[in-house]
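The primary structure of each chain is shown beneath.
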Protein chains: 2
Amino acid sequence: MATKLASSSNSILLQNPNRKPNSIFNTAAVPHFSAKIKPFSIRCAATSTTPVTPIQAQTPDTDGRVFNFAAGPATLPAHVIKKAQGELYDWHGSGMSVMEMSHRGKEFLSIIQKAESDLRALLNIPEDYAVLFLQGGATTQFAAIPLNLCERDDSVDYLVTGSWGDKAFKEAQKFCKPKVIWSGKSEKYTKIPSFHGLEQSPDAKYLHICANETIHGVEFKDYPTPKNGLLIADMSSNFCSKPVDVTKFGLIYAGAQKNVGPSGVTIVIVRKDLIGNAQGITPVMLDYKIHADNNSLYNTPPCFCIYMCGLVFEDLLAQGGLEEVEKKNKKKADLLYNAIDESNGFFRCPVEKSVRSLMNVPFTLEKSDLETEFIKEAAKEKMVALKGHRSVGGMRASIYNAMPLAGVEQLVAFMKDFQARHA
Amino acid sequence: MATKLASSSNSILLQNPNRKPNSIFNTAAVPHFSAKIKPFSIRCAATSTTPVTPIQAQTPDTDGRVFNFAAGPATLPAHVIKKAQGELYDWHGSGMSVMEMSHRGKEFLSIIQKAESDLRALLNIPEDYAVLFLQGGATTQFAAIPLNLCERDDSVDYLVTGSWGDKAFKEAQKFCKPKVIWSGKSEKYTKIPSFHGLEQSPDAKYLHICANETIHGVEFKDYPTPKNGLLIADMSSNFCSKPVDVTKFGLIYAGAQKNVGPSGVTIVIVRKDLIGNAQGITPVMLDYKIHADNNSLYNTPPCFCIYMCGLVFEDLLAQGGLEEVEKKNKKKADLLYNAIDESNGFFRCPVEKSVRSLMNVPFTLEKSDLETEFIKEAAKEKMVALKGHRSVGGMRASIYNAMPLAGVEQLVAFMKDFQARHA
C-alpha cells in the first residue's frame with residue numbers, strides 16, 4: 001500500500017483573488033452578438049423571472065470525484081457540471097431541459113449567441129472572423145479545410161509534429177495537393193522545427209500545423225508566419241488554454257472535448273473572406289458558407305454540447321480570461337515537468353524541453369516493467385486515465401484547464417512516493 | 001382568459017401494466033453486444049458497487065414542466081431526464097460525469113455497447129446489419145449515402161414526399177445521378193403515391209424515401225419494395241415510434257433529436273455487405289467502413305448524446321417494446337386528428353387521411369388571423385412550440401414518443417375551448 005498522500009485543497013485554484021464573479025453579469029440584454037469584442041459576459045434570455053445563478057467561484061463539493069487525467073473527453077470544472085446538473089431538468093424556468101429545446105426557439109438562440117459572444121471575448125476574435133459550431137470533430141475539418149480553401153490542384157503545406165498533423169495531411173490528399181514540408185516522425189515526434197529553415201511550396205494556399213499534439217505532447221510556443229498562404233491550426237487540445245492572436249491565422253479549429261466542453265461539437269474560427277469558395281464535391285455540411293450564413297443553425301446543431309461550452313466560456317471569463325488561465329496552466333505543468341526532471345531519470349519525458357506541452361505530459365519509467373503498477377496504484381488513489389496512448393506507451397497526464405492544481409500536486413506527491421518505494 | 005382545462009395525469013402513460021421494470025436487468029454481465037437479438041436490456045459496467053437504479057415506470061415530478069410540441073429537438077421522457085440529472089455529476093460511482101469519460105475507457109464502452117444492444121433488441125436488427133452512432137445529422141447522410149453506395153455515374157431514385165426528401169435528392173446530385181420518380185410538391189406534400197404505378201430507373205442502385213416528413217406531416221404506412229436496387233429510408237422523425245422490418249431496407253438513418261435523444265448523434269443501420277465501397281472523394285468521417293470497423297469509435301464520438309439515447313432505448317424496452325409504443329402513439333394521434341376532423345372545419349389538417357403522421361400533426365385555422373392568438377394562448381397554458389414550420393405556416397403539434405397522453409388531452413381540450421370562444 002502506498003502511504004497516505006498529502007491532499008491539497010481545490011480551493012487553491014478556485015479562490016483566485018483575480019476573479020470577479022459578480023462583475024460578469026452586468027449586461028442586461030443580449031447584444032448583437034458579434035458586435036463588441038471585449039471581455040464581458042451576457043445574460044441568457046429566460047422564459048420566466050427565475051433569477052439566473054452565476055457560476056460561483058466557490059469550492060465545489062468534490063466528494064467522490066476522481067482526478068481524471070484523460071486526454072479527451074476530459075475533466076470539466078466541477079462547479080460547471082454542478083450548475084448543468086442543477087438546471088438539467090428545467091432550464092431557467094423554461095419548463096424544459098436544454099436537450100429538449102427547439103434550436104430555433106428564443107431560449108436556445110440566447111444560449112448559442114451568448115456562447116459565441118463569450119468565446120469572442122475570450123479570444124478577442126475580430127469581427128471579420130466567423131465563429132462556427134459544427135459537428136464531426138477535428139477529423140471532419142481535415143477534409144473541410146482543403147474542400148473550402150482549395151481547388152483540386154492547389155498546393156498546400158503540412159508541418160507534421162505528431163499523429164494528428166499526419167492524419168490531417170493524409171486526408172487532404174483526397175482534395176488538393178498537400179506536401180509535408182517537415183516531419184518529426186524520425187525523432188518520434190519530440191520536436192518542433194525552427195521556422196527559419198523551412199522551405200514552403202511556392203504557391204502554397206496554406207500552411208497547416210497542429211498547435212498541440214495530444215498524443216506526443218509537443219506544443220508550438222510561437223507560430224510561424226507562412227511565406228506563402230495562410231496559417232491554419234488545429235488547436236483541439238490547447239484551445240482556450242492561453243491567449244492567441246487570432247489575426248495571425250486564416251483558420252483555427254478545435255474539437256471541444258479537451259478544454260471547453262463535452263465531445264460532439266467542433267469550433268471553427270475562420271476569416272470571413274475565405275468563405276464561399278468550396279469545391280463542387282463538398283458535402284453541404286462541410287461547407288463553411290452554409291454554416292456562416294445560418295449562424296451555425298442550418299440544420300439542428302449539437303445543442304446541449306454548445307450549451308456546455310457556453311458554461312465553460314463563462315467560467316473562463318470569470319477566472320479573469322486566458323491570461324489568468326495560462327498562468328495556472330504553466331504552474332501545473334512546471335510542477336509536473338520539474339518532478340520528472342528532478343527524478344534522476346526514474347521518470348523521463350522524451351519531449352524537447354522548449355516545446356513541451358502545457359496540456360499533455362507524456363512520461364515513461366526507466367524501469368518500464370513498473371509502468372503497469374504505477375498506473376494501477378495511481379487509480380487506487382483516485383488518479384485515473386494515466387495510461388499513455390497505445391501508439392506510444394508509457395504514461396500521459398493530460399492537465400487541461402479544468403484539472404485542479406490539487407490534482408497535479410497529488411500526482412507529483414504520488415510519483416515521489418512511488419519512486420521512493422521502487423528506486 | 002381561457003377557462004381552466006381538465007388536466008390528466010401522466011400516470012396514464014407511465015403506469016402501463018405491460019411494463020416489467022424489474023425483469024429488464026436480469027443479465028449480469030455485458031454480453032458480446034451484437035450476438036443476441038431479443039428484447040432484453042443489459043447492465044452497464046460500473047467502477048464501484050454502487051447499485052444501478054433502473055429507470056422506474058413511476059410518475060415523475062412534472063412540476064413546472066411544459067408540454068413541448070417542438071419538432072426537434074423535442075420533449076424527452078421526464079423520468080429519463082431526472083435519471084440523467086441524478087447521475088450527471090458522478091456516473092455510477094465512477095467519480096466523473098459521462099461528459100468527462102474517455103471514449104476508450106471501460107465505463108463509456110459499457111454505455112455505447114448497451115445502447116447498441118438495446119437498440120438491436122428494440123428494432124430486432126439482424127446480425128448482418130451494422131449500427132453506427134455518427135455525427136452531423138441526417139443532412140450529412142444525404143451526402144454519405146450516395147458516396148458510400150454509388151459510383152459517380154450510378155442512377156438512383158428519390159421519392160419526394162416533403163422538404164427533407166427534396167433536400168436529400170438535391171445533395172445526391174453532387175455524387176451520383178439521382179432522379180425524382182415522384183414528387184408531392186404540386187399538391188403541397190400532402191400525399192404518398194401508390195407504389196404500383198411508380199416507374200423506377202432501370203439500373204437504380206437504390207430508392208430513397210423519407211419515412212415521415214417532419215414539416216408536412218405525411219408518413220409512409222407501409223413501404224415500397226423497389227423493383228431495382230435497395231430501399232433507403234430517412235427515419236429521423238419516426239425512428240423507434242413503431243416496429244419496423246429492418247430486413248426490407250438496405251439502410252435506415254435517423255437524427256436522434258425527435259424520438260430517441262438530444263441533437264448531436266445520428267444513427268445509421270446499414271447492411272454490412274454494402275459497406276466498403278466508398279468513392280475516393282469521401283471524407284473519412286463519412287465513410288461507413290471506418291466507423292463500422294471501429295465500432296463507432298474511430299474518433300471521439302458524441303458520448304453524452306449516445307448515453308442519453310441509451311437511457312431512452314432502455315425506457316422504450318421497459319415500456320414493452322415498440323408494439324406498445326406504437327399503441328400509445330396511435331391513441332394520441334387519433335385523439336388529435338379526431339378533434340381536428342370533428343371541428344366542423346374550424347381546424348383543418350391538409351394531409352390525406354391515410355398517410356397522416358403519428359408524429360407531426362400540422363393544422364390550420366379556418367380563420368387564419370386567429371392562429372397567432374391560438375399559439376399565444378396555448379403557450380400561456382404551458383403548451384409550447386405549436387407554431388408551424390416557417391415554410392408552411394399554421395400550427396404543428398409534434399407528438400413524439402415522449403409526449404404524454406396528458407399533453408395531447410390538454411391540447412384537445414384547449415382547442416375545443418378556443419373554438420367555443422371564437423366560432
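Thresholds, definitions, all that
Residues numbered from 1 in each chain as written. Chains lettered and ligands numbered in written order. Predicted model: local features only at pLDDT ≥ 70, side-chain atom pairs only at ≥ 80, totals over all residues. Heavy atoms only, no water. Helix = DSSP H or I, 4+ residues; strand = E, 2+ residues; numbered from the N terminus. Buried < 20%, exposed > 50% of the residue type's maximum accessible area, 1.4 Å probe, protein only. Areas by Shrake-Rupley, 256 points an atom, 1.4 Å probe, with all protein chains shown as cover. Axes fitted to C-alpha atoms, helices over the stretch in contact; angles between N-to-C directions. Parallel < 35°, antiparallel > 145°, perpendicular 65-115°, else oblique. Left-handed = near helix turned anticlockwise from the far one by under 90°. Contact = heavy atoms within 4.5 Å. Nonpolar A, V, L, I, M, F, W, Y, C, P; charged D, E, K, R; others polar. Pairing = 2+ DSSP bridges. Right-handed = clockwise from strand over helix to strand, strands pointing away. Least-squares fit on C-alpha atoms with pLDDT ≥ 70 in both. Buried area = accessible area lost by both parts, 1.4 Å probe. Salt bridge = Lys/Arg side-chain N within 4 Å of Asp/Glu carboxyl O. UniProt positions renumbered as here; feature names shortened; annotations may be inferred. Disulfide = S-S within 2.5 Å.

1. A closer look at the overall build of chain A
Thought 1: The secondary structure content of chain A amounts to 10 helices and 14 strands.
Thought 2: When burial is assessed residue by residue, chain A has 65% of its 423 residues classed as buried.
Thought 3: Summed over all atoms, the accessible surface of chain A reaches about 15500 Å², with 50% contributed by carbon and sulfur.

2. Observations regarding the packing of helix α3 (residues 106–123) of chain A against helix α7 (residues 303–318) of chain A
Residues and elements named next belong to chain A.
Thought 1: Closest axis-to-axis distance for the α3/α7 pair is 9 Å, and the angle between their directions is 40 degrees. Of the possible angle classes, the one that applies to α3 and α7 is oblique. Crossing hand, α3 versus α7: left-handed. Facing α3, whose interface residues are Phe108, Ile111, Ile112, Lys114, Ala115, Asp118, Leu119, Ala121 and Leu122, α7 presents Cys303, Ile306, Tyr307, Gly310, Phe313, Glu314, Leu316 and Leu317.
Thought 2: Residue composition of the contact of α3 with α7, by class: 13 nonpolar, one polar and three charged.

3. Some thoughts on the pairing of strand β4 (residues 177–183) of chain B
Working note: regular strand, side chains alternate between the two faces of the sheet.
All names here are of chain B.
Thought 1: Both strand β3 (residues 155–160) and β4 contribute to a ladder of six bridges, which runs parallel. Among the inter-strand pairings, Asp157 is bridged to a residue of β4, identified as Lys179.
Thought 2: Of the crossover connections in this fold, the one passing from β3 over helix α5 (residues 163–172) to the parallel β4 is right-handed.

4. Topic: the relation of the copies chain B and chain A
Thought 1: Screw-axis analysis of chain B against chain A gives a translation of 0.0 Å along the axis, an RMSD of 0.0 Å, and a rotation angle of 180 degrees. In symmetry terms, the pair is related by a two-fold rotation axis.
Thought 2: When you check the interface residues of chain B against chain A, 100% turn up at the interface there too, and the contact is symmetric in its surfaces.

5. Looking at the interface of chain B and chain A
Thought 1: Counting residues at the interface gives 63 residues for chain B and 63 residues for chain A.
Thought 2: Summed over both partners, the interface of chain B with chain A buries about 4800 Å², with 59% contributed by carbon and sulfur atoms.
Thought 3: The three residues of chain B that bury the most area against chain A are Tyr89, Met99 and Glu100 of chain B, which together make up 17% of that side's buried surface.
Thought 4: Where chain B packs against chain A, one counts two salt bridges.
Thought 5: A salt bridge links Arg65 of chain B to Glu100 of chain A, with the nearest nitrogen and oxygen atoms 2.8 Å apart.
Thought 6: Sorting the residues of the side of chain B that touches chain A by element identifies α2 (78–86), α4 (137–149), α5 and α7 (303–318) of chain B as the ones contributing at least two each.
Thought 7: Of the residues forming the side of chain B that touches chain A, the biggest block, six residues, is contributed by α2 of chain B.
Thought 8: Taken together, the residues of the side of chain B that touches chain A sort by class into 29 nonpolar, 24 polar and 10 charged.

6. What to know about the pattern of salt bridges
Residues and elements named next belong to chain A.
Thought 1: Summed over the entire model, instances satisfying the criterion amount to 46 salt bridges over all chains.
Thought 2: With a shortest N-O distance of 3.3 Å, Lys177 and Asp153 are connected by a salt bridge. Placement of the pair is Lys177 in strand β4 (residues 177–183) and Asp153 in the loop between α4 (137–149) and β3 (155–160), with a sequence separation of 24 residues.
Thought 3: A relative accessible area of 44% means that Lys177 is categorised as partly exposed.

7. So, the UniProt feature "domain: Aminotransferase class V" (unreviewed entry) in chain A
Thought 1: In the UniProt entry, the feature "domain: Aminotransferase class V" (unreviewed entry) is given for residues 66–411 of chain A.
Thought 2: What you have in residues 66–411 of chain A is 32% helix and 17% strand, and the ends, taken at the C-alpha atoms, are 12 Å apart.

8. Digging into the sheet that holds strand β14 (residues 395–398) of chain A
Residue and element names in this part refer to chain A.
Thought 1: What the three strands build is an open sheet, ordered β11-β12-β14; its pairing is antiparallel. With one partner strand each, in any of the chains shown, β11 (347–348) and β14 form the two edges of the open sheet.
Thought 2: Sheet topology note: the strand β12 (residues 360–365)/β14 ladder contains four bridges and is antiparallel. Note that in β14 the partner of Val361 across the bridge is Ala397.
Thought 3: On the sheet, helix α9 (residues 371–380) packs against β11, β12 and β14 and is oriented at approximately 125 degrees with respect to β12.

9. Considering the packing of helix α2 (residues 78–86) of chain A against α7 of chain A
Residues and elements named next belong to chain A.
Thought 1: One way to put it is that α2 packs onto α7 with a least axis distance of 10 Å and a crossing angle of 135 degrees. As the angle between them shows, α2 and α7 are arranged oblique. Relative to α7, α2 is oriented so that their crossing is right-handed. Contacts between α2 and α7 involve His79, Val80, Lys83 and Ala84 from the first element and Tyr307, Met308, Leu311, Val312, Glu314 and Asp315 from the second.
Thought 2: Taken together, the residues of the contact of α2 with α7 break down into six nonpolar, one polar and three charged.

10. So, the pairing of β3 of chain B
All names here are of chain B.
Thought 1: Summarising burial for β3: five of the six residues are buried, a large majority.
Thought 2: Sheet topology places β3 next to strand β5 (residues 206–210); two bridges connect them, and they run parallel. The residue bridging Tyr158 from the neighbouring strand is His208, located in β5.

11. Quick look at the state of the cysteines
Think of a disulfide as a covalent bridge from one cysteine sulfur atom to another cysteine sulfur atom.
Residues and elements named next belong to chain A.
Thought 1: According to the stated counting rule, one finds zero disulfides over all chains in the structure shown.
Thought 2: Free of any disulfide, Cys150 has its nearest neighbouring cysteine sulfur in Cys176, separated by 4.2 Å.
Thought 3: Here Cys150 falls in the buried class, since its relative accessible area comes to 1%.
Thought 4: Cysteine Cys303 shares no disulfide, and the gap to the nearest cysteine sulfur, in Cys305, comes to 8.9 Å.
Thought 5: Here Cys303 falls in the buried class, since its relative accessible area comes to 2%.

12. Points about the environment of Val355 of chain B
Thought 1: Turning to its location among the elements, Val355 of chain B is positioned in the loop between β11 (347–348) and β12 (360–365).
Thought 2: The sequence separation of Val355 of chain B and Gly137 of chain B amounts to 218 residues, and the corresponding C-alpha distance is 25 Å.

13. Description of the sheet that holds β3 of chain B
Residues and elements named next belong to chain B.
Thought 1: With mixed pairing, seven strands are arranged side by side in an open sheet as β2-β10-β9-β8-β5-β3-β4. Single-partner strands in this sheet number two, and they are β2 (129–134) and β4. Sheet twist, expressed as the average angle between the axes of neighbouring strands with direction ignored, equals 15 degrees.

14. With respect to the side chain of Ser241 of chain A
Thought 1: Along the chain, the position of Ser241 of chain A falls in the loop between β8 (230–234) and β9 (251–255).
Thought 2: Apart from the residues lying within four places of it in its own chain, the contact partners of Ser241 of chain A are Asn259, Val325, Glu326, Asn329, Met359 and Asn401 of chain A.

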